[in-house]
Amino acid sequence: MLGVIGGTGLNQVEGVEIIETRSLSTPWGQPSAPAQRLRWAQGECWFLPRHGEGHTLAPHRINYRANIHALRLLGVRRVLAVAAVGGIAPSPGPGDLALVEDLIDYTWGRAHSFADGLAGPLQHIEFAPPFDPAWRAQVADCATRCGVPLVTDAVLGVTQGPRLETAAEIRRLAKDGCTLVGMTTMPEAALAKEAGLSYATLAVVVNPAAGTTDGSIHAAIEASLGAGMAQVHRVLEALVGA
Ligand code: HPA
């Protein structure tokens, strides 16, 4: 079954029925929230809100290992991770959706592997590419069929947060080749790969990154989050029915 990890703006998926709620414990602790089994008109998926039910978990406090382990326990093999991000390049810009192609990890101090001497075996996973190409192709195909345009060559810089970046940090990310910036795709994507899951990130651009325009980032987020998430909803609906 499809697993959806929801980010900012996708704490609950409206218009679908919750047919089961599962509180799971894992060897790595508690996931962000109980998982919800959602019934759509065309099918079902498991849904996990990454920041917790009341959106209280900061990116560096999320138990990524427990979340990925919990999805495995539920029998999930394909994960669509939804993430609100800032746009560094002029395109994709606020309101656009991107199926992220590659990433650079700038996070630190997060529990980023199942191989830490506790339970998991040591694996040196290949991480180029970080997202599953066949699964990305399937998501892209669904988006095309439901008329949602997707940018498919974006490079995401994953920063530590929870603060937003300085203008100089964004210039550095741009120089490194990043076109988007977010806070939660790592270590989530790497853990998913260690766990053998097909994982892809559907990023919703909700603001121009720091220093790339005048004006309040939070005002920009407020203005574009709703419309972006409505597009995500359409893609999810198509994927669940695929
Ligand atoms: N930077 C980092 N993470 C984000 C941003 C941003 O500008 N917008 C949404 N998530």
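Attention in this report is confined to the structure presented alongside it. No experiment lies behind these values; they were computed from the predicted model shown.

## Focus on the pattern of salt bridges
Following the criterion strictly, the structure yields nine salt bridges and no others. Notably, a salt bridge pairs Glu44 with Arg37, separated by 2.9 Å at the nearest N-O pair. Assessed through its relative accessible area of 26%, Glu44 is described here as partly exposed. We note a salt bridge from Glu169 to Arg163, for which the minimum N-O separation is 2.9 Å. Note on Glu169: relative accessible area 26%, which makes it partly exposed. The network of salt bridges with shared partners includes Glu17, Glu20, Arg22, Arg37, Arg39 and Glu44.

## Side note on the pairing of strand β3 (residues 35-39)
Relative to β3, strand β2 (residues 17-22) is paired through five bridges, and the arrangement is antiparallel. Each bridged residue has a counterpart across the sheet, and for Glu20 the counterpart in β3 is Arg37. Relative to strand β4 (residues 44-49), β3 is paired through four bridges, and the arrangement is antiparallel. Paired with Leu38 across the strands is Cys45, a residue of β4. Between β3 and β4, which pair antiparallel and follow one another directly, the connecting turn spans four residues.

Cut-offs and rules
- Residues numbered from 1 in each chain as written.
- Predicted model: local features only at pLDDT ≥ 70, side-chain atom pairs only at ≥ 80, totals over all residues.
- Heavy atoms only, no water.
- Salt bridge = Lys/Arg side-chain N within 4 Å of Asp/Glu carboxyl O.
- Buried < 20%, exposed > 50% of the residue type's maximum accessible area, 1.4 Å probe, protein only.
- Pairing = 2+ DSSP bridges.
- Helix = DSSP H or I, 4+ residues; strand = E, 2+ residues; numbered from the N terminus.

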